[in-house]
Amino acid sequence: MNQDIHPDNDRIEVTIRALGARDLAQVKRLAQRDSSREPRGELIGGEVDGQLLAAVSTTTGEVIADPFQPTAALVEALRLRASQTNGHPRRRLRGLLSRLRRSAERRTALST
């Protein structure tokens, strides 16, 4: 899933994708930043502007996220995607993009 968000005319790309062997170093760094263990099993990750900010195990449900970035909406989107891949009932997507947009706006405001 790619979603471009345009707060204040800035373009922020949000990507949700399966993580693999080539992502192990990023997952390890993210887990260290979160003071957590690396999640086990199949992982999906959420990237903002190419930076991995959160990951969820579709096998165990374990979550790691960057504690220094607004990641709540991104983690929610990852959990939703994980539930879809596991055959669990779909949750409503309404409002998800607006929450991602607000998170991105906060991230942009913090970086300026």
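Treat the numbers as computed from the prediction; the structure is a model and nothing was measured.

Some remarks on empty space enclosed by the protein
Think of a ball as big as a water molecule: rolled over the atoms, this probe shows where empty space is left. Within this structure, the stated rule accounts for one cavity of 30 Å³ or more. Quantified by volume, the largest cavity comes out at close to 90 Å³. If you trace the largest cavity, you find twelve residues lining it, with Val48, Pro70, Leu100, Ser103 and Ala104 closest to the centre. For the lining of the largest cavity, the secondary structure elements donating two or more residues are β2 (12-19) and α3 (96-111). For the lining of the largest cavity, the per-class residue count stands at nine nonpolar, two polar and one charged.

As for the confidence of the model for the protein
Interpretation of this model should avoid reading the predicted coordinates in detail wherever pLDDT is low. Per-chain confidence: the protein averages 82 in pLDDT, with 78% of residues scoring 70 or above. Taken together, the stretch residues 1-7 has pLDDT below 50 and engages in 26 contacts with residues farther than four places along the chain or on a different chain. Counting contacts from residues 88-92, a segment whose pLDDT is below 50, to residues more than four positions away or on other chains yields four contacts.

The rules behind each value
Residues numbered from 1 in each chain as written. Predicted model: local features only at pLDDT ≥ 70, side-chain atom pairs only at ≥ 80, totals over all residues. Heavy atoms only, no water. 1 Å grid on protein atoms, 1.4 Å probe; cavity = no way out; pocket = protein on both sides within 12 Å on 5 of 7 lines; lining within 4 Å. Points joined across faces, edges and corners; volume = space filled by probe spheres on them. Helix = DSSP H or I, 4+ residues; strand = E, 2+ residues; numbered from the N terminus. Nonpolar A, V, L, I, M, F, W, Y, C, P; charged D, E, K, R; others polar. pLDDT = per-residue confidence, 0-100. Contact = heavy atoms within 4.5 Å.

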